[in-house]
Amino acid sequence: MSKYDVIIVGAGHSGLVAGFYLARAGLKVLMLERSYQVGGTCITEEVFPGYRGSSIANSCHSLDPRIAGDMELERHGLKLTHPALNSLTLFSNGDALVMWPERERRRAEMERLAEPGDMQGFSDVMQFYQNVAKKMGVSFYDPAPSLEEVAARFVEPADKEAFNLVMFGSVADVLDRHLKSPWLKSFLAGTAMATNLVGPRTPGSGYILLQRPLQEESMRRSGVVFESNELMMKNASPIGGVGAVTQAMARANESLGVEIRLEAPVRELLCDNGKVRGVVLESGEEIEAARVLANVNPKTVLTKLVPANQMPREIEERAKKLTMHGSSSKVHLALKGTPRFNRAENDEENTQFLGTNFRVVPSIDVLQESYNEATMGRWSPHVTISGVVSSAADPDMTPPGCHFMSLSVRGTPYHLSNGNWDDQREALGNAVVETLSRNIGNIKDIIEGISVYTPVDLERNYGMAEGNGAHGDIVPGKIFDARPMPGCSNYTTPIEGLFMCGVGNWPGNFMSGLTGYNASRKMLGTFHPAH
């Protein structure tokens, strides 16, 4: 009999969440991780000598509070700070939208950029997405529904129109109905472009704005206590960077007896006649278990880890055709001083800006142009950036008086039409710095070092196929029971005993932990522990 009930491949956050719940139910769990540390893309690294920070994922604001509570992450060492600002959006013209914590001050800030009728229009956009989320009746804690099931819940003509607008219209279609100000439009459109390779005028591009309302509606219906606000935004900065979250998760697993092996890459799954029976490591070592949970990109699982001729041929062929459309890069800056935001009027405001997640977004037209360039294998110098200064929450992560800035860059295609990423690495880093300099006046003067992870680097070193952090865009056609693809949904595969839990499964939702939570529940419903 095998020593383990379950082998989990990949100790990223979803695998760690799943491992915790499986072990809590009494299963003997082995977790295998190819890297030198747990966390997957939710890690803290020393990118420059003496400079540590969140190197891939920037934040943990979508972490499900039920999961954090069940795992007792604070007891296992996690310390979170909650920045005063909900968000900071820097515009390409040098201006910024500061979402101050005080409601009246925040409203005055928005009015400064608004045109007549826009304040009501902004509220209407928020309410529009909340209404669609309620009408959908979809819970992130339940099995994924089909598109047909969800569509059937929209009966009245106005409801049908709203559903069609979200699923088949573009985010620009939604915003144009309610807003005139190009900057308020950019604020929301920038969020919709955050992960997916879409433009603001791409059909289905507005769906991503539904993810937070759907998560909040799911928590509300399930009795999960959470903190909400009118912007449907949440901000949390872990002391020690994002890696502190996954390190606490690892300790929670180990407290329940989960065995975690690092630097143990899996070469292939052991399968016989369509049934899993364990894994083979790159070293050649074979480890048996009747159940395997893959916390890996679904395309990688189905086309590389599963041996040939173990699945129905049509499943194999469709899996090979899964598209990733990777378009993300990372740029890190070691700063020998404190960044000064042009919009900050004094040191206190600048400190608040340093402590929150920020974005640099151009106009909708430039966002669309960047998307058009990316689809043709080129990247636009007008980059879209989301960033965090990890050292603002934890000064011990850098030398005294210095800072570490982690920047996620969008619109950088994995497949280049000309040249390669090694040749264009330096140019991308320079374009990011040039973009930042329009809003952070002293950035060029305080740069100690620049590091660039291209989409190719993200695939090679962190398992992000084509540099896609969501393991496949979260867009209509890749949601509900079509995520990752029909026939392999709800965390199952055609291979008996093989399950999947990465964010390439429904509901995606980044660092929420929900795919791991749901996959563990699915597994626990199918068998009982032998140990």
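One can find the structure itself at the top, above this paragraph.
In this report, we go over the structure that sits alongside the text. Predicted, not measured: the structure shown is a model, and the values here were computed from it.

1. What to know about the overall build of the chain
Link 1 in the chain: The helix and strand tally for the chain stands at 18 helices and 18 strands.
Link 2 in the chain: In terms of C-alpha radius of gyration, the chain reaches 22 Å, essentially the compact-globule figure of 24 Å for 531 residues.
Link 3 in the chain: If you line up the chain on its principal axes, its C-alpha atoms span 70 × 60 × 50 Å.
Link 4 in the chain: A buried classification covers 61% of the 531 residues belonging to the chain.
Link 5 in the chain: Of the contacts formed within the chain by residues at least 6 apart in sequence, a portion of 73% connects residues at least 24 apart.
Link 6 in the chain: About 20,300 Å² of surface is accessible on the chain, with carbon and sulfur atoms providing 48% of the total.
Link 7 in the chain: Between the mean site of the 52 positive side-chain charges and the mean site of the 61 negative ones, the chain shows a separation of 3 Å.

2. Some thoughts on the state of the cysteines
Link 1 in the chain: Under the definition given, this model contains 0 disulfides.
Link 2 in the chain: Here Cys42 stays free of any disulfide, with the sulfur of Cys60 as its closest cysteine sulfur at 8.8 Å.

3. Describing the pairing of strand 3 (residues 44-48)
Link 1 in the chain: In terms of residue burial, strand 3 counts as a mostly covered element, since 4 of its 5 residues are buried.
Link 2 in the chain: Taken together, the 4 bridges between strand 3 and strand 4 (residues 51-54) define a ladder with antiparallel strand orientation. When the sheet's bridge partners are listed, Phe48 is paired in strand 4 with Tyr51.
Link 3 in the chain: Counting the residues in the hairpin turn of strand 3 and strand 4 gives 2 residues, including Gly50, whose phi is positive at 85°.

4. So, the side chain of Ser489
Link 1 in the chain: Tracing the backbone through its elements, the reader meets Ser489 in the loop between helix 17 (455-462) and strand 18 (498-500).
Link 2 in the chain: A distance of 3.5 Å separates a polar atom in the side chain of Ser489 from the backbone oxygen of Asp481.
Link 3 in the chain: When residues no more than four places from it in sequence are discounted, the contact partners of Ser489 are Asp481 and Arg483.

5. Concerning the environment of Ile440
Link 1 in the chain: Structurally, Ile440 can be placed in the loop between helix 16 (421-437) and strand 17 (447-453).
Link 2 in the chain: Put simply, Ile440 and Pro339 are 101 residues apart on the chain and 6.4 Å apart in space, counted from C-alpha to C-alpha.
Link 3 in the chain: The residues contacting Ile440, other than those within four sequence positions of it, are Pro339, Arg340, Phe341, Asn342 and Met405.

6. What about unusual backbone geometry?
Link 1 in the chain: Cis geometry is adopted by the peptide bond preceding Pro484, which originates at Arg483 and carries an omega value of 5°.
Link 2 in the chain: Secondary-structure assignment places Pro484 in the loop between helix 17 and strand 18.
Link 3 in the chain: Between Trp506 and Pro507 the backbone carries a cis peptide bond, its omega angle lying at 5°.
Link 4 in the chain: Tracing the backbone through its elements, the reader meets Pro507 in the loop between strand 18 and helix 18 (514-524).
Link 5 in the chain: Positive phi outside glycine occurs at Asn273, with the angle close to 50°.

Conventions adopted
Residues numbered from 1 in each chain as written. Predicted model: local features only at pLDDT ≥ 70, side-chain atom pairs only at ≥ 80, totals over all residues. Heavy atoms only, no water. Helix = DSSP H or I, 4+ residues; strand = E, 2+ residues; numbered from the N terminus. Rg over C-alpha atoms; globule rule 2.2 N^0.38 Å. Buried < 20%, exposed > 50% of the residue type's maximum accessible area, 1.4 Å probe, protein only. Contact = heavy atoms within 4.5 Å. Areas by Shrake-Rupley, 256 points an atom, 1.4 Å probe, with all protein chains shown as cover. Lys, Arg positive; Asp, Glu negative; His and termini not counted. Charge placed at Lys NZ, Arg CZ, Asp CG, Glu CD. Disulfide = S-S within 2.5 Å. Pairing = 2+ DSSP bridges. Polar contact = N/O pair within 3.5 Å; in protein donor to acceptor, adjacent residues only side chain to side chain.

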